[in-house]
Amino acid sequence: MSAATGGPTRAVVVDDSRFMRTLIRTLLEDADVEVVADASNGREAISVVDEHRPDVVTMDIEMPEMNGLDAVERIMNDCPTPVLMLSAHAEEDADVTFDALDRGAVDFVTKPGGEVTSEMPRVKRELVEKIQSAAAVDLSATQATSRPPKTDAVEQSATHSPASSTATTDLPPEGSTVVIGASTGGPNVVERVLAALPEAAGLRVLVVQHMPEGFTSRFAARLDDRCDYEVREAEDGERIGPGQIRIAPGGSHLLVTRDRAGRLTLDLSDDEPLHGVKPAIDLTMASAAETVDGPLAGVLLTGMGRDGVEGMSQIRRAGGHTVAQDEETSAIFGMPKRAIEAGCVETIAPDGRITEETLRGITT
């Protein structure tokens, strides 16, 4: 029996540390997740996954014989199974973690650090939530929308439908603002959307991707390499202008305000998590709806839960355009579905047409 048939989520734990395997097993079993097997390296993991067919796999990165990256790639090719990466909280591991997402991993969670005992409540909560979210991922959607090279993404946006010429020739007013929210399965979709943005549009873009502190700066750096806009992690008190994309930092809420001269300014808040997350999409979207005077669009991508639903509602009430990712291309059709059910979404689109539909909505 598995989560798909109403039973407990079945997991395989992969880590070269016996201590870490035991710790993760204990945390998961305490939360009624059934650990059906474990493995100490990537090669063993491939065999164990094929034998047990779990709902989800937790995967370490650095292991002997075969590392986590190669194991993810093999698992996705041979026996597609949602994989949750366990990443150390370090900059070098952040880059490798994003490589794992490129190879098919669906999400990641940070390992407990040196003070294991004091971190246990956080680690357990995050691990169990991520396991449940990863187990719910629709792999057919993530495989269908794997990241293409930047040029391909731009070409796809420009040629996807006959109407796409509107998005590339009739550009929105310079300084139009777009707020994008995403969770599980989001990083590669966010990249596709941003890579397809025409530089000439001169948009101001805010991205709230549910991601831990320490990873959003590397996420911003990756995006900066792969799109035509200037992408950075948002800083407290900075102004945002045309042609700039700012990423909400992990561990802080991102709010849109105005300075004394009326220029759009970004503030970081250390308030409590909302919907269990920090940054929260709702807060950024709501502050944009209240503050932005010109054309505004809200975009809600794949993810579990309801963060972003109220924010999209407020953007719509303020006269902004709202776009949600469709079910077929969403790794988890949770946040977009709830926004659609709330009646605050104007356009539903597959990931390859989100940029086009967003531009169309703020141009017309």
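Above this text is the structure in question.
Residues numbered from 1 in each chain as written. Predicted model: local features only at pLDDT ≥ 70, side-chain atom pairs only at ≥ 80, totals over all residues. Heavy atoms only, no water.

Chemist: Which residues make up the overall build of the chain, and what are the values?
Modeler: Within the chain, the regular secondary structure consists of 14 helices and 14 strands. The buried share of the chain, reckoned over its 364 residues, is 56%. Within the chain, residue pairs in contact and separated by at least 24 positions form 71% of the contacts whose partners lie at least 6 positions apart. Carbon and sulfur atoms provide 44% of the accessible area of the chain, an area that totals close to 14,700 Å². (Helix = DSSP H or I, 4+ residues; strand = E, 2+ residues; numbered from the N terminus. Buried < 20%, exposed > 50% of the residue type's maximum accessible area, 1.4 Å probe, protein only. Contact = heavy atoms within 4.5 Å. Areas by Shrake-Rupley, 256 points an atom, 1.4 Å probe, with all protein chains shown as cover.)

Chemist: Run through the sheet that holds strand β5 (residues 107-110), naming residues and quoting values.
Modeler: In spatial order, the strands read β2-β1-β3-β4-β5; together these five strands make up an open sheet with parallel pairing. Every other strand in the sheet has two partners, leaving β2 (34-39) and β5 as the edge strands with one partner each. The average angle at which neighbouring strand axes cross in this sheet is 25 degrees, direction not considered. Together, β1 (10-14), β2 and β3 (56-59) form the strand contacts of helix α2 (residues 42-52), whose direction differs from that of β2 by roughly 145 degrees. (Pairing = 2+ DSSP bridges. Axes fitted to C-alpha atoms, helices over the stretch in contact; angles between N-to-C directions.)

Chemist: Please set out the pattern of salt bridges residue by residue, giving values where relevant.
Modeler: For the coordinates displayed, the defined rule picks out 27 salt bridges. Across the salt bridge formed by K111 and D60, the nearest N and O atoms sit 2.9 Å from each other. You can see K111 sitting in the loop between β5 and α5 (116-135) and its partner D60 sitting in the loop between β3 and α3 (68-78), a full 51 residues away along the chain. Its salt-bridge partner being D102, residue R222 comes within 2.9 Å of it at the nearest N-O pair. Remark: D102 occurs in helix α4 (residues 91-102) and R222 occurs in helix α10 (residues 216-226); sequence separation between them is 120 residues. Classification of R222 by relative accessible area gives buried; the value is 11%. (Salt bridge = Lys/Arg side-chain N within 4 Å of Asp/Glu carboxyl O.)

Chemist: Help me get a handle on the nonpolar core, residues and values and all.
Modeler: Counting residues in each nonpolar core, the largest one holds 83 residues, and the members touching the most others are L28, M59, I180, L194 and I245. Sort the elements by how many residues they give to this core and α5 lands first, with six residues. I281, L300, V309 and C344 belong to the second-largest nonpolar core, a separate cluster that totals 25 residues. (Core = buried A, V, L, I, M, F, W, Y, C linked by side-chain atoms within 4.5 Å.)

Chemist: Lay out the sheet that holds strand β7 (residues 204-209) in plain terms, naming residues and giving numbers.
Modeler: Reading across from one edge, β8-β9-β7-β6-β12-β13-β14 is the order of the seven strands in this open sheet, with parallel pairing throughout. Looking at strand neighbours, the two that pair on one side only are β8 (230-233) and β14 (347-349), the edges of this open sheet. Strand after strand, the sheet turns through a mean of 20 degrees between neighbouring axes, direction not considered. When strand β13 (residues 321-325) meets β14, the two strands line up parallel, connected through three bridges. If you follow V323 over to β14, its bridge partner there is T347. Helix α11 (residues 281-291) rests against β6 (177-182), β7 and β12 (296-300) of the sheet, and its axis sits at about 165 degrees to β6.

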